[in-house]
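Chain residues, written in single-letter form:
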Amino acid sequence: MKEFLKGLNREQAEAVLYFDSPLLILAGAGSGKTRVITYKIAYMIEELKYKPERILAVTFTNKAAREMKERVEGLVGSSAPVIVSTFHSFCVRLLRAHSVRVGYQPNFLILDSDDKKRLLREIIRDMDLDSELYNPSAIASVISNIKNGLYSADSMTIYYDRIREIFEAYNKRLKENNAFDFDDLLIYGRELLRDPELQKRYSDFFQYVLIDEYQDTNRVQYEIARALTKEKGNICVVGDEDQCIYTWRGANIDNILSFEKDFPDAKIIKLEKNYRCTKVILDAANAVIENNKLRKGKKLYTDNPAGEPIRLYAAESDIEEANFVSKTVKQFLKKGVKPSEIAVFYRTNSQSRVIEDALRKEGISYQIVGGLKFYERKEIKDIIAYLRVALFEKDTISLLRILNVPKRGLGSAVEKKLKEILEKESSNIGALKILSSELKMEKQKRAVEDLVGTIEEIREKLHQLKPYDLIRFIVVSTGYEEYLRKENPEDWESRLENTKELGNTVQEFSEREKLEGEELYLEFLSTITLSSDQDEIEEEEKVTLMTVHASKGLEFPVVFITGLEEGLFPHIKSLDTKEGIEEERRLFYVAITRAKRLLALSYAKRRRTFGSYRDTRKSRFLEEIPPYLIKEVKKRESQPAVTKEISVKSVQKEKRPSLVFHKKFGKGVVRRIEGAGENAKVTAFFANYGEKTIVMKFLKVLG
DNA sequence: CGCAGTCATTTTTTT
DNA sequence: AATGACTGCG
């Protein structure tokens, strides 16, 4: 067992070994927390002889869950059925077993945000409300906030006088469809644990509970964690208040700030040594985050070398900024940096487009994390809607989605009629049959009958066909393939390709999970609706593009952060409140600390938004980074050589000084060194004096 | 009912 | 700029 602890520093080892009371690990960025968590789990299995399946680890994404599981298995050298999941998928499991207790059938449906918006749009339209004020996206987030207990429906009537009605209608519709939205999964999961019997059963069952990214848990998640561990205090949470970036989703920074109050005699261990970033990068991150007031306060340090100065590029326009990124990326690639070691971040998804164009122009292959997810593409959602209609007794949302897709002459008039029928009828097929009997026009009658036939056929084939063939069958038998050709003359091929890709995915899923028939599709559907952006990251040799939010928990040797402009980053919608700005700052902090070795920042003086150009001002956050850490990259000037190769290994090994101090010039970042010993000539960059060459003996080495 | 043309909205971040 | 919703005609 001792070898487990080798390579851990004192605090890390202490965190692994501590089991006497609830434990809060305040883990700074890059402080090796994943290591601590996995070692701790391995320690429980190997030394404390806990049963793996009685250990619950909660992560932020399903991908993180998979990785953690693999790492634990690597440590204990065998498969370890530790339950590693997100709060959402954990609740799905709970609900599959006990949903009847909260009044739902176990084969429930999970609505994603697109479904949710569709449903709300419909409700709002039915209530004849002003769609300008009551816009579905805004209402969706209000509803989410109400469900998460951020405020009550009644208090929101100041802004939306009929919000309560909408809220109730929405919930009623969910219930009728035996459906949960994302928030419901957590809420009903918690509800189940309020039942003393279940609470006892599960809290007895789990010998230990670990929660990662604790700073981003919300109230309900906290209550779930507490229900599982309050008697035994067998809980360890890991988080960093400086990385809380989801308050808009109900994440509650108090969960971490008041852990000691919630869990009496809690132990707190701080991990403040960073193993990831160069000194320059870490200094910048520390300097930025110090501007925040709402924090416990901790300061990261590192033994890593100073590294290269942070590059800053002031572009004339968004297009020029994108060119800077692509040109610089190209240089790095030439120097031997692997594409997968480079990431480009931005604040909003819409910024990706220009950057993509620039990368494509340079012939650099890239992948986008997030943005429009695979399962959110229209063709995929349409096919899935057919699957859902065949699978679920009643799924009004999906049924209405496909009623006239592909076009079969069933327009709004028919839709209205169907909705009326659906209010009383409790099955999709039943409703369609009534509908066809009520229709006058022969053509429409036949269209509905055909649709019923198709759905029933799909239902039969659910068990007969292999998953890939079933998806293919849906695409062909519904006329969807033809429809794609007609509606999308430009890109029908790639869309059709996507539907085949869906077929492959289900096929693989079925083989991996060893499931088939209804059970397979039910599991598949809940898995994909809960799949996150990071779950889609490929391991290929490509440059990665993503929003700053999506970068959480990841690291890259080279990181570009683009669009550092007032109103964009920090985002305009956060400027009203101090809390808002602090959250943006944490977001920037997260972005900076993803970089291991080289950080490049950029902004554009003019940016195209909503189709027209606007002048911008550079982000206040740039002023918060000490100037001596920054090297401004000028246009046209040939880019200064990247000192040697950029590889992860050299971060740890490099011994030559990279940050120096001079009596007159102050702190300087080393560019070149000629010779050795105290007579070596050092060329360094000083903030107010520029590049100077000085003999070593006049300098103090800082890093 | 479908279509073509017009209008309006989008861009905060996401399980 | 680009997508989707809406409108009025055939």
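So, about the pattern of salt bridges. The tally for this structure, following the rule as stated, stands at 57 salt bridges. Between Asp382 and Arg401 there is a salt bridge, with the nearest N and O atoms lying 2.8 Å from each other. One end of the pair, Asp382, is in helix H17 (residues 378-391); the other, Arg401, is in helix H18 (residues 396-402), with 19 residues separating them in the sequence. A relative accessible area of 9% places Arg401 in the buried class. Through salt bridges that share partners, Asp112, Asp114, Asp115, Arg118, Lys381, Asp382, Arg388, Asp395 and Arg401 make up one connected network.

Its volume calculated, the second largest pocket comes out at about 1400 Å³. As for the second largest pocket, its lining consists of 33 residues, and the residues nearest its centre are Arg66, Phe509, Arg512, Glu513 and Thr527. Of all the secondary structure elements, the ones that give two or more residues to the lining of the second largest pocket are helix H4 (62-76), strand E3 (83-86), helix H5 (87-98), helix H24 (492-513) and helix H25 (517-529). Broken down by element, the residue count for the lining of the second largest pocket peaks at six residues, all from H24. Tallied by class, residues from the lining of the second largest pocket come to 13 nonpolar, eight polar and 12 charged.

Let us now look at unusual backbone geometry. Of the consecutive residues Val405 and Pro406, the connecting peptide bond is found in the cis state with omega at -5 degrees. By secondary structure assignment, the location of Pro406 is in the loop between H18 and helix H19 (412-424). The backbone of Asp265 sits at a positive phi, close to 40 degrees, despite the residue not being glycine. Looking at where Asp265 falls in the secondary structure, it is placed in the loop between helix H13 (259-262) and strand E8 (267-271). By relative accessible area, Asp265 is classed as exposed at 61%. Not every positive phi belongs to a glycine, and Lys514 is a case in point at roughly 50 degrees. For Lys514, the position within the fold is in the loop between H24 and H25.

Right, let's get into the pairing of strand E7 (residues 235-239). Burial analysis of E7 places five of its five residues in the buried class, which makes it a mostly covered element. Alternating positions in E7 separate into two faces, Ile235, Val237 and Gly239 on one and Cys236 and Val238 on the other, with burial throughout. For strand E6 (residues 208-211) and E7, the ladder comprises three bridges, and the chain directions are parallel. When the sheet's bridge partners are listed, Val209 is paired in E7 with Ile235. Once the chain exits E6 it traverses helix H11 (residues 219-229) before rejoining the sheet at E7, and the crossover so formed is right-handed.

Grouped together as the largest cluster of nonpolar side chains are 87 residues, with contacts concentrated most on Ile561, Phe588 and Leu601. Ranked by the residues each element gives to this core, the list is headed by helix H14 (residues 279-289), at seven residues. If we ignore the near neighbours within four places in the chain, the residues touching Phe588 are Val288, Ile561, Leu564, Phe569, Leu601, Phe621 and Ile625.

Turning to the sheet that holds strand E2 (residues 55-59), a few remarks are in order. Pairing in this open sheet of six strands is parallel, and the strands run E3-E2-E6-E7-E1-E8 from one edge to the other. The open sheet is flanked by E3 and E8, the only strands paired with a single partner. Within the sheet, the average angular offset between the axes of one strand and its neighbour, ignoring direction, is 15 degrees. Pairing analysis gives four bridges linking strand E1 (residues 23-27) to E7, with the strands arranged parallel. Its bridge partner lying in E7, Leu23 is registered against Cys236. Taken strand by strand, H4 contacts E2 and E3, and its axis lies near 165 degrees from that of E3. Sheet contacts for H5: E2, E3 and E6; angle to E3, the most-contacted strand, approximately 110 degrees.

Moving on, we come to the packing of helix H15 (residues 318-334) against helix H16 (residues 352-361). At a minimum axis distance of 8 Å, the contact between H15 and H16 shows a crossing angle of 45 degrees. By the angle between their axes, H15 is oblique relative to H16. Relative to H16, the crossing made by H15 is right-handed. On H16, the residues touching Asp318, Ile319, Ala322, Asn323, Val325 and Ser326 of H15 are Val354, Ile355, Ala358, Leu359 and Lys361. The class makeup of the residues in the contact of H15 with H16 is seven nonpolar, two polar and two charged.

On to the protein's contact with DNA strand C, then. As a structural note, the neighbourhood of DNA strand C is formed by Arg121, Arg125, Arg353, Arg608 and Phe610. Taking the atoms of DNA strand C that fall within 4 Å of the protein, sugar and phosphate contribute 78% of them. Between a phosphate oxygen of DNA strand C and a side-chain N or O atom of Arg353, the distance comes to 3.5 Å. Arg608 places a side-chain nitrogen or oxygen 3.0 Å from a phosphate oxygen of DNA strand C. For the surface near DNA strand C, the class distribution of residues is one nonpolar, no polar and four charged.

With 89% of its residues at a pLDDT of at least 70, chain A reaches an overall mean of 86. Confidence drops under pLDDT 50 across residues 637-655; counting only partners more than four residues distant or on other chains, this segment forms 37 contacts.

The next subject is the side chain of Thr328. Note on placement: Thr328 falls in helix H15. According to the relative accessible area criterion, Thr328 is buried, its value standing at 1%. From its side chain, Thr328 meets the backbone oxygen of Phe324 in a polar contact 2.5 Å long.

The next subject is H17. Taking 1.5 Å of rise per residue, the 14 residues of H17 would be expected to cover 20 Å, and the 19 Å separating its terminal C-alpha atoms lies within 8% of that figure. Among the 14 residues that make up H17, 13 are buried, leaving the element largely enclosed by the rest of the structure.

On to the side chain of Glu583, then. Examined against the element boundaries, Glu583 turns out to sit in helix H26 (residues 578-592). Taking the relative accessible area as the measure of exposure, Glu583 reaches 8% and is therefore buried. Other than its neighbours up to four places away in sequence, Glu583 contacts Cys244, Ile245, Tyr246, Thr247 and Trp248.

With the rule as written, the count across this model stands at 22 aromatic pairs. Relative to Phe259, the ring of Tyr214 has its centre 6.0 Å away and its plane inclined at 90 degrees; by these criteria the two rings are edge-to-face. You can see Tyr214 sitting in the loop between E6 and H11 and its partner Phe259 sitting in helix H13, a full 45 residues away along the chain. Both residues of the pair, Tyr214 and Phe259, count as buried. Ring geometry for Phe332 versus Phe560: centroids 6.4 Å apart, planes at 50 degrees, classification tilted. Here Phe560 lies in strand E13 (residues 556-561) and Phe332 lies in helix H15, a separation of 228 residues in the sequence.

Cut-offs applied
Residues numbered from 1 in each chain as written. Chains lettered and ligands numbered in written order. Predicted model: local features only at pLDDT ≥ 70, side-chain atom pairs only at ≥ 80, totals over all residues. Heavy atoms only, no water. Salt bridge = Lys/Arg side-chain N within 4 Å of Asp/Glu carboxyl O. Helix = DSSP H or I, 4+ residues; strand = E, 2+ residues; numbered from the N terminus. Buried < 20%, exposed > 50% of the residue type's maximum accessible area, 1.4 Å probe, protein only. 1 Å grid on protein atoms, 1.4 Å probe; cavity = no way out; pocket = protein on both sides within 12 Å on 5 of 7 lines; lining within 4 Å. Points joined across faces, edges and corners; volume = space filled by probe spheres on them. Nonpolar A, V, L, I, M, F, W, Y, C, P; charged D, E, K, R; others polar. Pairing = 2+ DSSP bridges. Right-handed = clockwise from strand over helix to strand, strands pointing away. Core = buried A, V, L, I, M, F, W, Y, C linked by side-chain atoms within 4.5 Å. Contact = heavy atoms within 4.5 Å. Axes fitted to C-alpha atoms, helices over the stretch in contact; angles between N-to-C directions. Parallel < 35°, antiparallel > 145°, perpendicular 65-115°, else oblique. Left-handed = near helix turned anticlockwise from the far one by under 90°. Near = heavy atom within 4 Å. Polar contact = N/O pair within 3.5 Å; in protein donor to acceptor, adjacent residues only side chain to side chain. pLDDT = per-residue confidence, 0-100. Expected span 1.5 Å × (residues − 1). Phe/Tyr/Trp six-rings, centres within 6.5 Å; stacked < 30°, edge-to-face > 60°.

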